[in-house]
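Letter by letter, the chains look like this.
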Amino acid sequence: MAACMRRICGAGLLKSNHGIVLQQANKYSSSSTWTKSQKALCTTAGVLAGGVAALWYTLDRSVQAKDLILHPPEQDWPHKGLLSTFDHASLRRGYEVYKQVCAACHSMQYVRYRELIGVTHTEEEAKAEAAEIMVEDGPDDTGAMFKRPGKLADSFPSPYPNEAAARAANNGAYPPDLSYVTAARHGGEDYVFALLTGYCDPPAGVEMQEGQYFNPYFLGGAIGMAQALYNESAEYTDGTPASASQLAKDVASFLRWCSEPEHDTRKRTGLKALTMISVFFAVTLFWKRHQWSSLKSTKIMYVPRKKM
Amino acid sequence: MPSFLISLRVCGEEQKTSGLEESSSFQLNMALYELLFKRTSTLALTVVVGAFVFERSFDVLIDGIFDKINEGKQWKDIKKNYET
């Protein structure tokens, strides 16, 4: 293989010949007859226009004040980046927060206890978690429904039997199912974090109705959910100090995992795929030059036959 | 990939008469060609075995890099705290 590479480089197959191409293209360029000052003027105008456009774009992006909603700031998540997995200790704490706080009002009907195995809990722990809930099953031999402890195949419990019951219990506001909530909201886990930590007093002139709370990150500002996370409002089994922002970070990470359980595998496979693709790209580039080398180093002429 | 490249090179080398036959890499290539690439049966076997070896080593390499980047974050790094 080493000999192969030496021969490739020796043959100059991978060397570029931009210089010749540029010289040839210059013959047909309309700007080749310009004077020096004309070229300088043109260059200055181009740089200025590009700079103004870049500045405008940056300023426009940084403010986003034209919308009637406060956009969540981007946080530095442990799983941010092309190659970063979830912080699974954080996911485990996030499950504890979900169980102690969120599950009181929110359902999570598309996540099953078995999915916790190998992500946040061992199999025995997941079985114990599932056994804590009671699930309606049946019918039995007499046709009656009965309650049994949860199994690994059961989904997380729903606090209300249906949406109407949920609305009736929450002043008409429906607590959304949290299974895919970070995928369903603009900003994802940044939004969840900002919403959970963003409660504040309404600005002057904004009146909140009974059972409504002000949150600038919620569309319209009036949200039916009261602030749920305070310092020490949930307990961690691993001894992490349960500040409000820590609780919000962990539960937002956990909700992101719920809506994207394939996240870690996707990034691992992505690294493999990109590595292979870049190798194949180099091979393709070489192969193309190899195929064209005979043609590019040959001068083809048309010599008409002379009339006798 | 390398198989057909090398075999092509060998075809090219055979036409030349000067110098290259003595080089050790040429002799290695010829030996490989005679041993592996000349017959379809051994070529197919080479491809299958080569694919297996490559796949295994590539997976181990990339998984190692990925686990190094994410050291301490994945479940396999923390599960010792919870297994009895």
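Values in this document were obtained by computation on a predicted structure and should not be read as measured data.

A. Geometry of the overall build of chain B. The helix and strand inventory of chain B stands at four helices and zero strands. On chain B, roughly 5800 Å² of surface is accessible, and the fraction owed to carbon and sulfur atoms is 65%.

B. Quick peek at the packing of aromatic side chains. Under the definition given, this model contains eleven aromatic pairs over all chains. Between Tyr110(A) and Tyr180(A), the ring centres sit 6.0 Å apart and the planes meet at 35°, which makes this aromatic pair tilted. Note that Tyr110(A) is positioned in the loop between α4 (88-100) and α5 (123-131) and Tyr180(A) in the loop between α6 (163-169) and α7 (181-184), a separation of 70 residues in sequence. A centroid spacing of 5.4 Å and a plane angle of 20° characterise the contact between Phe54(B) and Phe58(B), whose relative ring orientation is stacked.

C. Seen up close, the side chain of Lys272(A). Turning to its location among the elements, Lys272(A) is positioned in helix α10 (residues 263-296). Judged by relative accessible area, which is 17%, Lys272(A) ranks as buried. A polar contact is formed between the side chain of Lys272(A) and the side chain of Asp59(B), at a distance of 3.3 Å. Apart from the residues within four sequence positions on either side, Lys272(A) is in contact with Phe58(B), Asp59(B), Ile62(B) and Asp63(B).

D. Quick peek at the UniProt feature "binding site: heme c" (unreviewed entry) in chain A. Residues and elements named next belong to chain A. As recorded in UniProt, the sites labelled "binding site: heme c" (unreviewed entry) are Cys102, Cys105, His106 and Met225. In terms of the greatest pairwise C-alpha distance, the residues named above, spread along 124 residues, form a tight cluster of at most 10.6 Å across. Here Cys102 falls in the buried class, since its relative accessible area comes to 15%. Residue contacts for Cys102: discarding those within four places in its chain leaves Val97, Leu178 and Val251. Classification of Cys105 by relative accessible area gives partly exposed; the value is 30%. Once residues lying within four places of it in the same chain are set aside, the contact partners of Cys105 are Pro159, Tyr160, Asn170 and Pro175.

E. Quick look at the UniProt feature "domain: Cytochrome c" (unreviewed entry) in chain A. Following the UniProt record, one finds the feature "domain: Cytochrome c" (unreviewed entry) at residues 89-259 of chain A. Taken end to end, residues 89-259 of chain A comprises 34% helix and 7% strand; its first and last C-alpha atoms sit 18 Å apart.

F. Region of interest: the confidence of the model for chain A. The predicted model of chain A averages 89 in pLDDT, with 90% of residues at 70 or higher. The weakest mean pLDDT in chain A belongs to helix α1 (residues 2-10) of chain A at 50; the strongest belongs to helix α9 (residues 244-259) of chain A at 97.

Definitions and cut-offs
- Residues numbered from 1 in each chain as written.
- Chains lettered and ligands numbered in written order.
- Predicted model: local features only at pLDDT ≥ 70, side-chain atom pairs only at ≥ 80, totals over all residues.
- Heavy atoms only, no water.
- Helix = DSSP H or I, 4+ residues; strand = E, 2+ residues; numbered from the N terminus.
- Areas by Shrake-Rupley, 256 points an atom, 1.4 Å probe, with all protein chains shown as cover.
- Phe/Tyr/Trp six-rings, centres within 6.5 Å; stacked < 30°, edge-to-face > 60°.
- Buried < 20%, exposed > 50% of the residue type's maximum accessible area, 1.4 Å probe, protein only.
- Polar contact = N/O pair within 3.5 Å; in protein donor to acceptor, adjacent residues only side chain to side chain.
- Contact = heavy atoms within 4.5 Å.
- UniProt positions renumbered as here; feature names shortened; annotations may be inferred.
- pLDDT = per-residue confidence, 0-100.

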